[in-house]
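Examining the three-dimensional arrangement
Each chain, letter by letter, is given below.
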Amino acid sequence: MTKTTLLWLLRLGIGLLFLYSGLIKIMDPHRFAESTANYLILGDRAVILTAIYLPWLEVWTGLAILLLPPMRSAAWLLITLMLLVFTAAKISALTRGLDISCGCGTGEEPMTLLDVLENLFLLALTTAGLLLDRPKI
Amino acid sequence: MTPTSSRIPFGLAALLCVTLITGTLSQRLSPDPLPAVYTPGASLLAEAEAAGFTLLSPESARSLHQAGSHLFLDARSLDEYHQGHIPGAFPVPVNAFDLHFPDIAPILMPDSPLIAYCSNPACDQALRLAERLRDAGDTNVNLFPAGYDAWSTMNAEETRP
């Protein structure tokens, strides 16, 4: 498998994941606000701002990775930063013993260590994207 | 600065701008926008009402408890249940519903009057439990949104000398 094919698989996997993840949050912002608040990290105003803008950031970074080559490097950087924040939030919630769902998708299953491992795996993929997916000059 | 790295600030600015614009527009144009400040439990209560569940006040929950007409179901974790619960309530942690529901299923009829509760209006476990019970066939599921926190406060006030 060539590097180009691998890069496209990476773009498709991560791009579609972020696009989907943003769209389902946009479709139900109230539920996403509840999920965000359940982490007990952000203040009441910050929860609302996060619920308004974060899903759109996921959508646009996902689209940029898939379709907008000039913005691809910036999108990889933003996605990697988002994943770092999400992973830290999950670790924080687990260490505080919060019995909450992760708020990452449609499921209501309680968060476990597996969710953190999943994030770390995605973080490895996005770091690879950030380092390898440079536009040809 | 290489041409590649010079694209990153441009890309960051563009992505953040388009995020700000679309986020603000979606909030402005939404028929059900988010409030300026998050109110714990507000959207859960709206969701519960929209789903057709009867929401009980602490006073109503207490009179039904005294009448013994309804079965109280505790949707919180087993740890929380063992730390304190409404007298007579059954533990049905919604996060392990499939494991615990069979314990109470034999005593339930389709129209058994049930009251699901968790800690307070901000927790979603009671609503999720009510949804699971309705899916399991019970047609008379009620919610006590103020939950165990309100119940224990109410009882502490009554027993205070």
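The model shown is predicted, which means the values in this text are computed figures rather than measured ones. (Residues numbered from 1 in each chain as written. Chains lettered and ligands numbered in written order. Predicted model: local features only at pLDDT ≥ 70, side-chain atom pairs only at ≥ 80, totals over all residues. Heavy atoms only, no water.)

Pairing between the strands of a sheet comes from backbone hydrogen bonds, and it takes one of two forms, parallel or antiparallel. Residue and element names in this part refer to chain B. Pairing is parallel across the open sheet formed by five strands, whose spatial order is 1-5-4-2-3. The open sheet terminates on both sides in strands that have one partner only, identified here as strand 1 (54-55) and strand 3 (90-91). Note that strand 1 and strand 5 (residues 141-143) share two bridges and pair parallel. When the bridges of strand 5 are listed, Thr-54 appears paired with Asn-142. (Pairing = 2+ DSSP bridges. Helix = DSSP H or I, 4+ residues; strand = E, 2+ residues; numbered from the N terminus.)

Next up on the list: helix 1 (residues 3-27) of chain A. Residues and elements named next belong to chain A. Its 25 residues place the ends of helix 1 36 Å apart at the C-alpha level, agreeing with the 36 Å of an ideal helix rising 1.5 Å per residue. Among the residues of helix 1, Leu-7, Leu-10, Arg-11, Ile-14, Gly-15, Phe-18, Leu-19, Ser-21, Gly-22, Ile-24 and Lys-25 are the ones counted as buried. Buried residues belonging to helix 1 abut helix 2 (29-38), helix 3 (44-67), helix 4 (72-95) and helix 5 (113-132). (Expected span 1.5 Å × (residues − 1). Buried < 20%, exposed > 50% of the residue type's maximum accessible area, 1.4 Å probe, protein only. Contact = heavy atoms within 4.5 Å.)

This next bit is on the packing of helix 1 of chain A against helix 5 of chain A. Residues and elements named next belong to chain A. Remark: helix 1 packs on helix 5, axes separated minimally by 10 Å, with the N-to-C direction vectors making an angle of 125°. Here helix 5 runs oblique to helix 1, going by the angle between their axes. Where helix 1 crosses over helix 5, the two elements pack in a sense that is left-handed. Contact residues: helix 1 offers Lys-3, Leu-7, Leu-10, Ile-14 and Leu-17, while helix 5 offers Leu-122, Leu-125, Thr-126, Ala-128, Gly-129 and Leu-132. Residue composition of the contact of helix 1 with helix 5, grouped by class: eight nonpolar, two polar and one charged. (Axes fitted to C-alpha atoms, helices over the stretch in contact; angles between N-to-C directions. Parallel < 35°, antiparallel > 145°, perpendicular 65-115°, else oblique. Left-handed = near helix turned anticlockwise from the far one by under 90°. Nonpolar A, V, L, I, M, F, W, Y, C, P; charged D, E, K, R; others polar.)

One full turn of an α-helix is made of 3.6 residues, so residues set three or four places apart face in the same direction. Among all positions of helix 2 (residues 42-50) of chain B, only B:Ser43, B:Leu44 and B:Ala48 are buried. Along the long axis of helix 2 of chain B, the arc covered by the buried residues comes to 140°, so they all point the same way. In helix 2 of chain B, the exposed positions angled more than 90 degrees off the buried face are occupied by B:Glu49 and B:Ala50. Buried residues along helix 2 of chain B sit against helix 2 of chain A together with strand 1, helix 6 (125-135) and strand 5 of chain B. Following helix 2 of chain B by one or two positions, B:Gly52 has its phi on the positive side, about 90°. (Arc of directions from axis to C-beta.)

So, about the domain arrangement of chain B. Per the domain assignment, the segments making up chain B are domain 1 (1-34) and domain 2 (42-159). Using C-alpha coordinates to define each centre, domain 1 of chain B is positioned 43 Å away from domain 2 of chain B. (Domains from an automatic or database assignment.)

A few words now on the packing of aromatic side chains. All names here are of chain B. The full count for this structure, using the stated rule, is three aromatic pairs over all chains. Ring centres 4.9 Å apart and planes at 15° place the aromatic pair Phe-97 and Phe-101 in the stacked group. Residue Phe-97 and its partner Phe-101 are located together in helix 5 (residues 97-104), separated by four residues, close to a single helical turn. Like Phe-97, the residue Phe-101 is buried in the burial classification. (Phe/Tyr/Trp six-rings, centres within 6.5 Å; stacked < 30°, edge-to-face > 60°.)

So, about the state of the cysteines. All names here are of chain B. On inspection of all chains with the given rule, the structure shows one disulfide over all chains. Cys-118 shares a disulfide with Cys-123; S-S distance 1.9 Å. The sign of the 95° torsion about the S-S bond sets the Cys-118-Cys-123 disulfide as right-handed. Note on accessibility: Cys-118 and Cys-123 belong to one class, buried. (Disulfide = S-S within 2.5 Å.)

Moving on, we come to the interface of chain A and chain B. When the parts come together, some accessible area is lost, and that loss is often what is quoted as the size of the interface. The interface of chain A with chain B comprises 32 residues on the first partner and 35 residues on the second. Both faces combined, the contact of chain A with chain B buries some 3100 Å², and carbon together with sulfur accounts for 66% of it. Between A:Arg31 and B:Glu47 there is a salt bridge; the shortest N-O distance is 2.5 Å. On inspection of chain A and its partner chain B, the count reaches seven residue pairs in polar contact (both at pLDDT 80 or more). Mapped by element, the contributors of at least two residues to the side of chain A that touches chain B are helix 2, helix 3 and helix 4 of chain A. Tallying contributions element by element places helix 3 of chain A first for the side of chain A that touches chain B, with 12 residues. (Buried area = accessible area lost by both parts, 1.4 Å probe. Salt bridge = Lys/Arg side-chain N within 4 Å of Asp/Glu carboxyl O. Polar contact = N/O pair within 3.5 Å; in protein donor to acceptor, adjacent residues only side chain to side chain.)

Let us look at the side chain of A:Ser21. All names here are of chain A. Take Ser-21: it is sitting in helix 1. There is a polar contact of 3.1 Å between the side chain of Ser-21 and the side chain of Lys-25. Those residues in contact with Ser-21 that sit more than four places away from it in its chain are Glu-58 and Cys-104.

This paragraph deals with the pairing of strand 4 (residues 114-117) of chain B. Side-chain direction in a regular strand flips from residue to residue, so the side chains alternate between the two faces of the sheet. All names here are of chain B. Neither face of strand 4 is exposed, since Leu-114 and Ala-116 on one face and Ile-115 and Tyr-117 on the opposite face are all buried. Of the strand pairs in this sheet, strand 2 (residues 71-74) and strand 4 are connected by four bridges, and their pairing is parallel. Bridged to Asp-74 within strand 4 is Tyr-117. Bridge count for strand 4 against strand 5 is three bridges, and the pairing is parallel. Within strand 5, the residue paired with Leu-114 across the bridge is Val-141.

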